[in-house]
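The chain contents come next:
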Amino acid sequence: MKYKITAASCIVVLLLVALGFGVSILYSDYIYNPNGTLSTLQIGKADDSGYVDPGLSAMDRQFLAELDQWAKNQQATIIYKDGFTAGCAYCGYSDWGKKNLRITSVGENTNGVYVQDSPTVVEPYVQGDVFLPGRAGLRIAGYYAGDHLPATLSGVDFLYPLSAATTASGMYFTDAKNLNELADLFESHGYVLLTQRESGAPSLRTVVQKLLSDGPLAMTVFVAMVGLVFCLFYVTLILYRDIAKPLKIHCLFGLSVKRILVRIAMISVAVTLVAVLIFGILLSRGLTYLSREDLGNVLAGVCVLSVLLSVLIHAIGCRTLLRELRFGGRGSV
């Protein structure tokens, strides 16, 4: 009986760890937002043939000025990443920059660039109040901290005015609330909204809907997790069935049902803790692109799922076991 319990416990640990990895996949694909508190819009400008033209015309320059004014009216921050420039375009009219960038101003030159306050950027590329002297010769308006930038913007060395952008197609990050109005602004100027992702975490219903409609890979993950849960129930309930007769004999010789339930609870708690501990170690070494907060969210979700499944499975198993013991056991409860 001890061999069966040990073997089943090891299998349950492996199944719970595998379920944890399933949860981490779902989190990173459908819940994790690498842009932090910023919503994302991917914008393109297509002609009749569908070719996305990254060039910037005089009308596009006028549009960027209107976009800057729109952000000012909405008291919003917009960061634009075009993929062709080392830095990002920036206009900030909300407190997002103050909270996340901690910008320090240099003089009154608000039209200059903001440089990341890092020795690897400042020492080789800054001379006085000029960024990239001898090449671009950009005047510095201030410095910002790069450690609170969203994951998709990490490594950005400088921020330049949005109106000075040389393209208009690319990724836009904003804390603006009215994304539909912003999308309409792009579309009214001939741009195409390719993708849109809001900053807030999606609801459970939204995640399930995406999971069921997001293609064969997502469906495979869903089916695999359902299969793991089935295996978890099957292994545990089969173990209860196999140990029912030996425990009934032990009850005939004086072992109390209460003591049996205490042992089952201790084993259940130990198995769950071991599974969560192993998963936590593997998680911290595997999904290194996630922040500590996101890793904590995944681990907390796995803990809750493991506890709920454990309670449900052992409740069913103990009920079946008690029914078997009462047929011939004399142990006191």
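All values derive from a computational prediction rather than experimental measurement.

Looking now at the overall build of the chain. Scanning the chain from terminus to terminus reveals nine helices and 11 strands. Counting contacts in the chain only where the partners sit at least 6 residues apart, residues at least 24 apart contribute 78% of the total. For the chain, the computed accessible surface area is about 18900 Å², with 61% contributed by carbon and sulfur atoms.

Of all residues except glycine, most have a negative phi; of all peptide bonds, most are trans. Residues other than glycine seldom take positive phi values, yet Arg102 does so here, at roughly 50 degrees. Notably, Leu132 is not glycine yet its phi reads approximately 55 degrees, a positive angle. Within the secondary structure, Leu132 is located in the loop between strand E7 (130-131) and strand E8 (138-144).

Attention now moves to the confidence of the model for the chain. Confidence in the prediction of the chain, expressed as mean pLDDT, is 82, and 88% of residues score 70 or more. Mean pLDDT across the elements of the chain bottoms out in helix H6 (residues 204-213) (72) and peaks in strand E2 (residues 77-81) (92). Within the model, pLDDT remains below 50 along residues 48-52, and this stretch shows five contacts once partners closer than five positions in the same chain are excluded. Below a pLDDT of 50 lies the segment residues 328-333, which in the model reaches 16 contacts outside its immediate sequence neighbourhood of four places, other chains included.

Both strand E3 (residues 88-92) and strand E9 (residues 158-161) contribute to a ladder of three bridges, which runs parallel. By the bridge assignment for E9, Ala89 is matched with Tyr160. Pairing of strand E5 (residues 113-116) with E9 involves two bridges; the strand directions are antiparallel. Within the sheet, the bridge partner assigned to Tyr114 lies in E9 and is Leu159.

As a packed pair, helix H2 (residues 58-74) and helix H5 (residues 179-188) sit with axes 11 Å apart at the nearest point and diverge in direction by 165 degrees. Between H2 and H5, the angle is such that the two are roughly antiparallel. Considering how the two elements wind past one another, H2 and H5 form a crossing that is right-handed. Residues Phe63, Leu67, Trp70 and Gln74 of H2 form the contact with H5, whose participating residues are Glu181, Leu182, Leu185 and Phe186. Tallied by class, residues from the contact of H2 with H5 come to six nonpolar, one polar and one charged.

Pairs of aromatic rings are described using the distance from one ring centre to the other and the angle between the two planes. Inspection of every chain in the model, using the stated rule, returns 10 aromatic pairs. Judged by centre distance (6.1 Å) and plane angle (80 degrees), the ring pair of Tyr90 and Tyr114 falls under edge-to-face. Within this pair, whereas Tyr90 is found in strand E3, its partner Tyr114 is found in strand E5, the two being separated by 24 residues in sequence. Per residue, the accessibility class of Tyr90 equals that of Tyr114, and both read buried. Arranged with centres 6.3 Å apart and planes meeting at 85 degrees, the rings of Phe186 and Tyr191 form a pair that is edge-to-face. The same class applies to Phe186 and to Tyr191, which are both buried. Linked through ring pairs, Phe63, Tyr80, Tyr172, Phe186 and Tyr191 together constitute an aromatic cluster.

One pass over the structure, following the stated rule, counts three salt bridges. Here Arg139 makes a salt bridge to Asp129, at a shortest N to O gap of 3.0 Å. Highlighted residues: Arg139 in strand E8 and Asp129 in the loop between strand E6 (126-127) and E7, separated in sequence by 10 residues. A relative accessible area of 47% places Arg139 in the partly exposed class.

Turning our attention to a nonpolar patch on the surface. On the surface, Val208, Leu212, Met219, Phe222, Val223 and Val226 cluster together into a nonpolar patch covering about 460 Å² of accessible area. Residue contributions to the nonpolar patch peak at four residues, all from helix H7 (residues 216-252).

What counts and what doesn't
- Residues numbered from 1 in each chain as written.
- Predicted model: local features only at pLDDT ≥ 70, side-chain atom pairs only at ≥ 80, totals over all residues.
- Heavy atoms only, no water.
- Helix = DSSP H or I, 4+ residues; strand = E, 2+ residues; numbered from the N terminus.
- Contact = heavy atoms within 4.5 Å.
- Areas by Shrake-Rupley, 256 points an atom, 1.4 Å probe, with all protein chains shown as cover.
- pLDDT = per-residue confidence, 0-100.
- Pairing = 2+ DSSP bridges.
- Axes fitted to C-alpha atoms, helices over the stretch in contact; angles between N-to-C directions.
- Parallel < 35°, antiparallel > 145°, perpendicular 65-115°, else oblique.
- Left-handed = near helix turned anticlockwise from the far one by under 90°.
- Nonpolar A, V, L, I, M, F, W, Y, C, P; charged D, E, K, R; others polar.
- Phe/Tyr/Trp six-rings, centres within 6.5 Å; stacked < 30°, edge-to-face > 60°.
- Buried < 20%, exposed > 50% of the residue type's maximum accessible area, 1.4 Å probe, protein only.
- Salt bridge = Lys/Arg side-chain N within 4 Å of Asp/Glu carboxyl O.
- Patch = residues over 30% accessible without salt bridge, like charges linked within 9 Å, V, L, I, M, F, W, Y side chains within 5 Å.

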